[in-house]
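# Coordinate analysis (summary)
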Amino acid sequence: MPDTPESPAGRPAARSPEGDPPRTAADRLARVVAEVLGPPVLASLLMVIAALAPGVGVRTVLAAVVAVAFTVAVPMTVLVVLARRGRISGHYVPERSERTPVYAGTLVSGGLGMVLLVLLHAPRTLFAVMGGVGTGLVLVLVITLWWKISAHTAVAASVAVTLTGWLGGPWWAMLAVPVVVAWSRVRLRVHTRAQVIAGGVLGAVVALDWLPLLR
């Protein structure tokens, strides 16, 4: 059975799939947040920054393109096509039962990208970030076999903690991102509070584990 967020009284709440039209201004805002601060956008941002950290050149730009293409663009294109054909519940796959093959396919695509990055002699910082992304994805995949942990908040927290701990300065503002993303996922009734909190904690722990490799 699909995971169903609970109402404040503890009873299962009526499920509101991400494909449903937003009913209120808050719903519309939550939908915008889920897209603008979704895993594809945040993961791409982190990988581009990591690839270009040593400097902007042909090799680093190409490494950024390869990383984003194989880790984000290819998997998301496949998901959007499948969602439009009605083969899956949505491009962010709100149904837990559909997530395992999606995450596994993303790992395979990302693995192929890693091979190309090795051949390109990509920057060390990019490999560190890719390692963190892969670790987080594996953990989310395993947990999803039993429970619908929030991948949105896991990625948001991981990216926020990584950029804050690595670059500091104005990037401290990124720490607000996981909070906003968590609100949007609960507001859209795709996840429970426990699921978004668990995702945030998981993402932060993974980021802290890989952070020393960026320094």
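Everything numeric in this text was worked out from a predicted model, so none of it was measured.

This part is about the nonpolar core. Met47, Leu117 and Leu126 are the most contacted members of the largest nonpolar core, which has 45 residues in total. For this core, the secondary-structure elements that each account for two or more residues are helix H2 (39-52), helix H3 (58-84), helix H4 (99-120), helix H5 (124-144), helix H6 (151-167), helix H7 (177-187) and helix H8 (193-210). A per-element tally of this core places H3 first, with eight residues. Sequence-distant contacts of methionine 47, defined by excluding residues within four places in its chain, comprise Ala67, Val68, Thr71, Val72, Leu126, Val129 and Met130.

Time to look at the confidence of the model for the protein chain. The predicted coordinates of low-pLDDT regions are not to be read in fine detail. Per-residue confidence for the protein chain averages 89 on the pLDDT scale, and 90% of its residues sit at or above 70. In this model residues 1-17 is a low-confidence stretch, pLDDT under 50, and it forms 31 contacts with partners more than four residues away in sequence or in other chains.

Before going further, it helps to spend a moment on the side chain of serine 184. Following the sequence through the fold, serine 184 ends up in helix H7. Judged by its relative accessible area of 0%, serine 184 falls in the buried class. Among all residues touching serine 184, those that are not within four sequence positions of it are Ala30, Val33 and Ala34.

Should the charged atoms of two oppositely charged side chains come close, the side chains can pair. By the definition in use, this model includes one salt bridge. Salt-bridge contacts for arginine 187 lead to aspartate 27; the nearest nitrogen and oxygen are separated by 2.9 Å. Separated by 160 residues along the polypeptide, arginine 187 in helix H7 and aspartate 27 in helix H1 (residues 25-36) bring together distant segments of the chain. Residue classification places aspartate 27 among the buried positions, given a relative accessible area of 14%.

For the rest of this paragraph, the subject is the side chain of serine 158. As for its position among the elements, serine 158 is in helix H6. Overall, the relative accessible area of 16% leaves serine 158 in the buried class. Apart from the residues within four sequence positions on either side, serine 158 is in contact with Gly203, Ala204 and Ala207.

What follows concerns the packing of H6 against H7. Two quantities define a packed helix pair, namely the angle between the helix axes and the distance between the axes. Close contact between H6 and H7 brings their axes to 8 Å; oriented N to C, the two are set at 175°. On the basis of their axis angle, the class for H6 and H7 is roughly antiparallel. Here H6 contributes His152, Thr153, Ala156, Ala157 and Ala160 to the contact with H7, which in turn contributes Val177, Pro178, Val181, Ala182 and Arg185. Residue composition of the contact of H6 with H7, by class: seven nonpolar, two polar and one charged.

Helix length check: H5 (21 residues) gives 30 Å between terminal C-alpha atoms against 30 Å at 1.5 Å per residue, within 8%. Turning to H5, its buried residues number three or more, namely Thr125, Leu126, Ala128, Val129, Met130, Gly131, Gly132, Gly136, Leu137, Val140, Leu141 and Thr144. Close packing links the buried residues of H5 with H2, H3, H4, H6 and H8.

For the rest of this paragraph, the subject is a nonpolar patch on the surface. On the surface, Val138, Val142, Leu145, Trp146 and Trp147 cluster together into a nonpolar patch covering about 500 Å² of accessible area. Note on placement: valine 142 falls in helix H5. The class for valine 142 is partly exposed, based on a relative accessible area of 39%.

As for its placement among the helices and strands, valine 205 is situated in helix H8. For the pair valine 205 and glycine 136, spaced 69 residues apart in sequence, the C-alpha separation works out to 9.3 Å.

A few words on H8. Taking 1.5 Å per residue, 18 residues should reach 26 Å; H8 reaches 26 Å between its end C-alpha atoms and fits that length. By the burial criterion, the buried members of H8 are Gln195, Val196, Gly199, Gly200, Leu202, Gly203, Val206 and Ala207. Looking straight down H8, one finds its buried side chains confined to an arc of 165°; they lie on one side. The outward face of H8, more than 90 degrees from its buried face, is lined by the exposed residues Arg193, Ile197, Val205, Leu208 and Asp209. Each element contacted by the buried residues of H8 is listed here: H5, H6 and H7.

Calculation notes
Residues numbered from 1 in each chain as written. Predicted model: local features only at pLDDT ≥ 70, side-chain atom pairs only at ≥ 80, totals over all residues. Heavy atoms only, no water. Core = buried A, V, L, I, M, F, W, Y, C linked by side-chain atoms within 4.5 Å. Buried < 20%, exposed > 50% of the residue type's maximum accessible area, 1.4 Å probe, protein only. Helix = DSSP H or I, 4+ residues; strand = E, 2+ residues; numbered from the N terminus. Contact = heavy atoms within 4.5 Å. pLDDT = per-residue confidence, 0-100. Salt bridge = Lys/Arg side-chain N within 4 Å of Asp/Glu carboxyl O. Axes fitted to C-alpha atoms, helices over the stretch in contact; angles between N-to-C directions. Parallel < 35°, antiparallel > 145°, perpendicular 65-115°, else oblique. Nonpolar A, V, L, I, M, F, W, Y, C, P; charged D, E, K, R; others polar. Expected span 1.5 Å × (residues − 1). Patch = residues over 30% accessible without salt bridge, like charges linked within 9 Å, V, L, I, M, F, W, Y side chains within 5 Å. Areas by Shrake-Rupley, 256 points an atom, 1.4 Å probe, with all protein chains shown as cover. Arc of directions from axis to C-beta.

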